[in-house]
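Fold and contact review
Spelled out from the first residue to the last, the chains are:
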Amino acid sequence: MSPINLAIVGVGKIVRDQHLPAVAKNGDYRLIAAASRHGTVDGIDNFTSIDAMLATVPAIEAVSLCMPPQYRYEAAEKALSAGKHVFLEKPPGATLSEVADLESLAAARGLTLFASWHSRYAPAVEAAKAFLAGTTIRSMRVIWKEDVRHWHPNQEWIWQAGGLGVFDPGINALSIVTHILPRPVFLTAATLEFPENRDAPIAATMTFTDARGLDLAAEFDWRQTGKQSWDIVAETDAGEMVLSEGGAKLSIDGKLVHEEPEQEYPMLYKHFAELVKAGKSDVDLAPLRHVADAFMLGRRKFVEAFYD
Ligand code: NAP
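Residues numbered from 1 in each chain as written. Predicted model: local features only at pLDDT ≥ 70, side-chain atom pairs only at ≥ 80, totals over all residues. Heavy atoms only, no water.

**Here's the deal with the site of the ligand**
- Around the ligand there are 23 residues in total, and S36, H38, G39, K90 and D168 lie nearest to it.
- Side-chain polar atom of R72 to an oxygen atom of the ligand: 3.2 Å apart, as the coordinates give it.
- Note that an oxygen atom of the ligand is positioned 2.8 Å from one of the backbone N or O atoms of K90.
- Residue classes in the shell around the ligand are distributed as ten nonpolar, seven polar and six charged. (Near = heavy atom within 4 Å. Polar contact = N/O pair within 3.5 Å; in protein donor to acceptor, adjacent residues only side chain to side chain. Nonpolar A, V, L, I, M, F, W, Y, C, P; charged D, E, K, R; others polar.)

Written out as structure tokens, the structure is:
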């Protein structure tokens, strides 16, 4: 099969860090255009709007949408309406309903819609899922604490409504948890801490359970300086499982059992090409649903103002 003619929209940090290198190394794609108000990609046709790009380059077969989530629906609706397959960065949208609408549109047009969750492709995630499948889980703790000033400098959208605040990284943890647990979980309580000058939370604590009474707690915090924590710890009848460094390493009872080089975005693009070839979509909204539940059920606490 000939390569998929791909375009990228919203040329910013994640496009430069991950999408461009992953696409360049994958023979299933030919990157032919980009649309971004300011960003450009060397060596291809660049446009300042998706409308101009879709109107000028009919050869585009698929688009990757990498702008902040509040602006993703409009671009996705345009791309699907123009007959293009769509790869959505995480989180797939600003609301559950708008993504459901995109799913219907893709299905009606026979196009692929892929809601990507890059952390699910972290090296040790499948090994953790396999380990948990053979155990009884007594409890699970999720600790996702990082320094927002280091990871998100000058990103205003992340503090605006729909930008998700600390849930922007926290949803990565939720994407792993919902993938490795054997049964669906649901939120039982949450507290969201909002800086008094911001519309999105800087920290959140949550408890979840499942049909068998699982004890699951998560702490997300953007005020962590020094060592950063992206860990999932499970107490099981087969020992303590620690999935650390955002899913990169797996230890059982303190012994490292799985560590491989990181390949998250190459794996995402491999999966997207397979979906396009198979004429299928992959839209799992569970991580976004848990975030929506936290905004719905969570207590709201106002904390000290945050300045970059
Ligand atoms: P970013 O660099 O702040 O934004 C990406 C690009 O989106 C910007 O360069 C901008 O390009 C465009 N954009 C910004 N505001 C826009 C608006 N109002 N309307 C239309 N386009 C707008 O953000 P990012 O870090 O790449 O993150 C983008 C998405 O990728 C987010 O959903 C994020 O969760 C996800 N992601 C990020 C990372 C990471 O490490 N940064 C990792 C994984 C996933 P123009 O100004 O040129 O239009």
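**Overview of the packing of helix α5 (residues 125-133) against helix α7 (residues 167-180)**
- Remark: α5 packs on α7, axes separated minimally by 9 Å, with the N-to-C direction vectors making an angle of 40°. The angle between α5 and α7 places the two elements in the oblique class. As α5 packs across α7, the resulting crossing turns out to be right-handed. Residues V125, E126, A128, K129 and L132 of α5 touch α7, and the partners they reach there are I176, H179 and I180.
- Here the residues of the contact of α5 with α7 sort into five nonpolar, one polar and two charged. (Axes fitted to C-alpha atoms, helices over the stretch in contact; angles between N-to-C directions. Helix = DSSP H or I, 4+ residues; strand = E, 2+ residues; numbered from the N terminus. Parallel < 35°, antiparallel > 145°, perpendicular 65-115°, else oblique. Left-handed = near helix turned anticlockwise from the far one by under 90°. Contact = heavy atoms within 4.5 Å.)

**Remarks on the pairing of strand β10 (residues 215-221)**
- With respect to burial, β10 is a largely interior element, five of its seven residues being buried.
- Here strand β7 (residues 137-145) runs beside β10; their pairing, made up of seven bridges, is parallel. Its bridge partner being in β10, I143 is matched across the sheet by E219.
- Bridge count for strand β9 (residues 203-209) against β10 is six bridges, and the pairing is antiparallel. Looking at the pairing, F208 lines up with L216 of β10.
- Between β9 and the antiparallel strand that follows it, β10, lie five residues; G213 among them carries a positive phi value of about 80°. (Buried < 20%, exposed > 50% of the residue type's maximum accessible area, 1.4 Å probe, protein only. Pairing = 2+ DSSP bridges.)

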